[in-house]
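Here are the chains, one letter per residue:
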Amino acid sequence: DPKIIQKPKYLVAVTGSEKILICEQYLGHNAMYWYRQSAKKPLEFMFSYSYQKLMDNQTASSRFQPQSSKKNHLDLQITALKPDDSATYFCASSQDVLGGREQYFGPGTRLTVL
Amino acid sequence: AQSVTQPDARVTVSEGASLQLRCKYSYSGTPYLFWYVQYQRQGLQLLLKYYSGDPVVQGVNGFEAEFSKSDSSFHLRKASVHWSDSAVYFCAASMVSQGGRALIFGTGTTVSVSP
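1. Considering the pattern of salt bridges
- Across all of its chains, the model carries 13 salt bridges over all chains by this definition.
- Notably, a salt bridge pairs B:Lys49 with A:Glu102, separated by 2.8 Å at the nearest N-O pair. Taken together, the residues span two chains, with B:Lys49 in strand S6 (residues 44-50) and A:Glu102 in the loop between strand S9 (87-94) and strand S10 (104-105).
- One salt-bridge network, held together by shared partners, links A:Arg36, A:Lys41 and A:Glu44.

Okay, structure coming up:
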């Protein structure tokens, strides 16, 4: 059974629209993260959350907003989509945010912005 | 700025041959170090990690890595590869001084195992 679920697997959006990427983890972890993998850049850290509170934000744009309705959920809302936002977005989780904890990754959502 | 460098974008090896993938990090202290593997169109899977102690760490599926503080490196090795080892391998580090939460990834090395 998959332990980290990301929905949808593929997503196509038009420029200027808004989308929400879903992430649920069933590992009993207290920390969750978002990363982005695009053709132009290596895997980039975006956010970390611990007990539903934002710990780190390394995105330059406020168009990316994480949303945590439950401890095991961390969705990613992206507004005013641009073609440069096209990437695969990975959710990850770890037991907690103590330094060096192993992070487990979901299968990703591949977003294409036309 | 902290960074992780994987100098080899692509490596081709024959099945049964040994494999070494290089990774160097740039950080004034000692980071937490990881190797992940990404099979085609899948998420990342953790192979092994290093925090401290013995510089040679063992991972899953026969992989091991060796940490060198003097060389700022964390190279991955496998004695005998199988065709199923074809994948993209990522070296990653998290910085103790920044809480160790954000993984910084290298650009990855694509490994192709030929029969």
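Here the narrative resumes, following the displayed structure.
2. Brief notes about the interface of chain B and chain A
- If you look at the interface, chain B gives 21 residues, while chain A gives 22 residues.
- Overall, the association of chain B and chain A removes approximately 1,800 Å² of surface from exposure, summing both partners, and the carbon and sulfur fraction of that is 54%.
- For the pair chain B and chain A, the interface holds two salt bridges.
- Along the contact surface separating chain B from chain A lie six residue pairs in polar contact (both at pLDDT 80 or more).
- Those elements giving two or more residues to the side of chain B that touches chain A turn out to be strand S5 (32-38), S6 and strand S10 (87-94) of chain B.
- With four residues, the single largest contributor to the side of chain B that touches chain A is S5(B).
- Class assignment for the residues of the side of chain B that touches chain A results in 10 nonpolar, eight polar and three charged.

3. Looking at the environment of B:Tyr50
Residue and element names in this part refer to chain B.
- Note that Tyr50 resides in strand S6.
- On a C-alpha basis, the gap between Tyr50 and Leu33 in space is 5.1 Å, while along the polypeptide they are 17 residues apart.
- Excluding residues that lie within four positions of it along the chain, Tyr50 makes contacts with Pro31, Tyr32, Leu33, Pro55, Val57, Phe67 and Phe74.
- Within the structure, the side chain of Tyr50 is placed 3.4 Å from the backbone oxygen of Gly53, a separation counted as a polar contact.

4. Concerning the packing of aromatic side chains
- What the rule picks out here adds up to 15 aromatic pairs over all chains.
- Their ring planes at 80 degrees and their centres at 6.1 Å tell us that A:Phe105 and B:Phe105 sit as a pair that is edge-to-face. Here B:Phe105 lies in strand S11 (residues 104-105) and A:Phe105 lies in strand S10, a pairing that spans two chains.
- On the basis of relative accessibility, which here comes to 10%, the residue A:Phe105 falls in the buried class.
- For the pair B:Tyr50 and B:Phe74, a centre-to-centre distance of 6.3 Å together with 45 degrees between the ring planes defines the contact as tilted. Here B:Tyr50, found in strand S6, pairs with B:Phe74, found in strand S9 (residues 73-78); they are 24 residues apart in sequence, far enough to count as distant. By the burial criterion, B:Tyr50 is buried, and B:Phe74 matches it.
- Taken together, A:Tyr35, A:Phe45, A:Phe105, B:Tyr32, B:Phe34, B:Tyr36, B:Tyr51, B:Phe90 and B:Phe105 form an aromatic cluster joined through their ring pairs.
- Of note, A:Arg36 hangs over the ring of A:Phe64, and the distance from its end group to the ring centre comes to 5.1 Å.

5. Quick look at the sheet that holds strand S1 (residues 4-7) of chain A
Residue and element names in this part refer to chain A.
- Across the sheet, four strands lie side by side as S1-S3-S8-S7; this open sheet has antiparallel pairing. Edge strands, defined here as strands with exactly one partner in the open sheet, are S1 and strand S7 (64-67). Along the sheet, successive strands turn relative to each other by an average axial angle of 15 degrees, direction set aside.
- As judged from the three bridges shared by strand S3 (residues 19-25) and strand S8 (residues 75-78), these two strands associate in the antiparallel manner. Counterpart to Lys19 in the pairing with S8 is Ile78.

Criteria and cut-off values
- Residues numbered from 1 in each chain as written.
- Chains lettered and ligands numbered in written order.
- Predicted model: local features only at pLDDT ≥ 70, side-chain atom pairs only at ≥ 80, totals over all residues.
- Heavy atoms only, no water.
- Salt bridge = Lys/Arg side-chain N within 4 Å of Asp/Glu carboxyl O.
- Helix = DSSP H or I, 4+ residues; strand = E, 2+ residues; numbered from the N terminus.
- Contact = heavy atoms within 4.5 Å.
- Buried area = accessible area lost by both parts, 1.4 Å probe.
- Polar contact = N/O pair within 3.5 Å; in protein donor to acceptor, adjacent residues only side chain to side chain.
- Nonpolar A, V, L, I, M, F, W, Y, C, P; charged D, E, K, R; others polar.
- Phe/Tyr/Trp six-rings, centres within 6.5 Å; stacked < 30°, edge-to-face > 60°.
- Buried < 20%, exposed > 50% of the residue type's maximum accessible area, 1.4 Å probe, protein only.
- Lys NZ or Arg CZ within 6 Å of the ring centre and 35° of its normal.
- Pairing = 2+ DSSP bridges.
- Axes fitted to C-alpha atoms, helices over the stretch in contact; angles between N-to-C directions.

Coordinates in, geometry out; function isn't part of it.
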